[in-house]
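Listed here are the chains, written in short residue letters.
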Amino acid sequence: MSDDQTPADSKLTTSKRRWAAEGKFLTGRISRPETERLPPGQHLVKNWPVLDLGQQPQVPLSSWRLDVRGLVETPLSLDWGAFQAIEQSTKVSDIHCVTTWSRYDNRWEGVSTRDLLDLAMPKAEAHYVMLTSYDGYTTNLPLADFAAEDAILATAWEGQPLTRDHGGPMRLVVPHLYFWKSAKWLTRIELMAADKAGFWEENGYHMFGDPWREQRYSDD
């Protein structure tokens, strides 16, 4: 999918737009104490549900590439070997989907976002990040949240290579935001001075997406 195209509508896309319009899944609670792991309106699952835009791109490792561009001192264009050569990290975190499920204690392996940023060297005027996936999906978040201590560009989950349906060969994981911010099949990271809406943000979802403040939709 080219840069100027957006993903085609799917059953999930249509449903999520309706959920945003109806305020579906809102509980009326603003927050819970920080000692509680489960954000408001969420329920625990043991499995890992699969949600996407109706297509799961096949990305061979031989042609996989990650570009880091925009407001950086050193633009990067990494093939799989170069990405694997970066120091590898392990993180354990909970994840929370806007469709109300949460899963505790996920073990990820991959490259810390902080280690990637150390190579790219963000410029002082860089404050936001736009993520682009191989299926044309985009999502935005503040640079400070992309660089969170537990954020990781994950290539493995629970000791096994990340599967295609969950965003393999590599996806972003930013545990403290709703999981739509953790782009699957990530191929481009652009650092920006000003915020800009991504795919779901243009379709009624919150620009930030804090689960503990229940920021599911644009007017939350």
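**Q** Outline the pattern of salt bridges, listing residues and values.
**A** Scanning the entire structure with this criterion turns up 6 salt bridges. Glu-109 is the salt-bridge partner of Arg-107, the closest N and O atoms lying 2.8 Å from each other. Overall, the relative accessible area of 25% leaves Glu-109 in the partly exposed class. Bridged by salt links that share partners, the residues Arg-37, Asp-94 and Asp-105 form one connected network.

**Q** I'd love a proper account of the packing of aromatic side chains, names of residues and values included.
**A** Tallied over the full model, the rule gives 12 aromatic pairs. Between Trp-64 and Trp-80, the ring centres sit 5.0 Å apart and the planes meet at 90°, which makes this aromatic pair edge-to-face. Of this pair, Trp-64 sits in the loop between β1 (43–44) and β2 (65–70) while Trp-80 sits in helix α2 (residues 80–85), and the two are 16 residues apart along the sequence. Note on Trp-64: relative accessible area 1%, which makes it buried.

**Q** Please set out the nonpolar core residue by residue, giving values where relevant.
**A** Nonpolar side chains in soluble globular proteins generally cluster together in the buried interior. Counting residues in each nonpolar core, the largest one holds 40 residues, and the members touching the most others are Phe-83, Leu-116, Leu-153 and Ile-189. Elements with a contribution of two residues or more to this core: β2, β3 (76–79), α2, α3 (113–120), β6 (128–133), α4 (143–146) and β11 (186–192). Among residues more than four places away in sequence, those in contact with Phe-83 are Trp-64, Leu-66, Leu-78, Gln-88, Val-111, Leu-153, Thr-155 and Met-170. Counting residues in hydrophobic clusters, the runner-up holds 11 residues, among them Ile-95, Trp-101, Ile-152 and Ala-154.

Analysis parameters
Residues numbered from 1 in each chain as written. Predicted model: local features only at pLDDT ≥ 70, side-chain atom pairs only at ≥ 80, totals over all residues. Heavy atoms only, no water. Salt bridge = Lys/Arg side-chain N within 4 Å of Asp/Glu carboxyl O. Buried < 20%, exposed > 50% of the residue type's maximum accessible area, 1.4 Å probe, protein only. Phe/Tyr/Trp six-rings, centres within 6.5 Å; stacked < 30°, edge-to-face > 60°. Helix = DSSP H or I, 4+ residues; strand = E, 2+ residues; numbered from the N terminus. Core = buried A, V, L, I, M, F, W, Y, C linked by side-chain atoms within 4.5 Å. Contact = heavy atoms within 4.5 Å.

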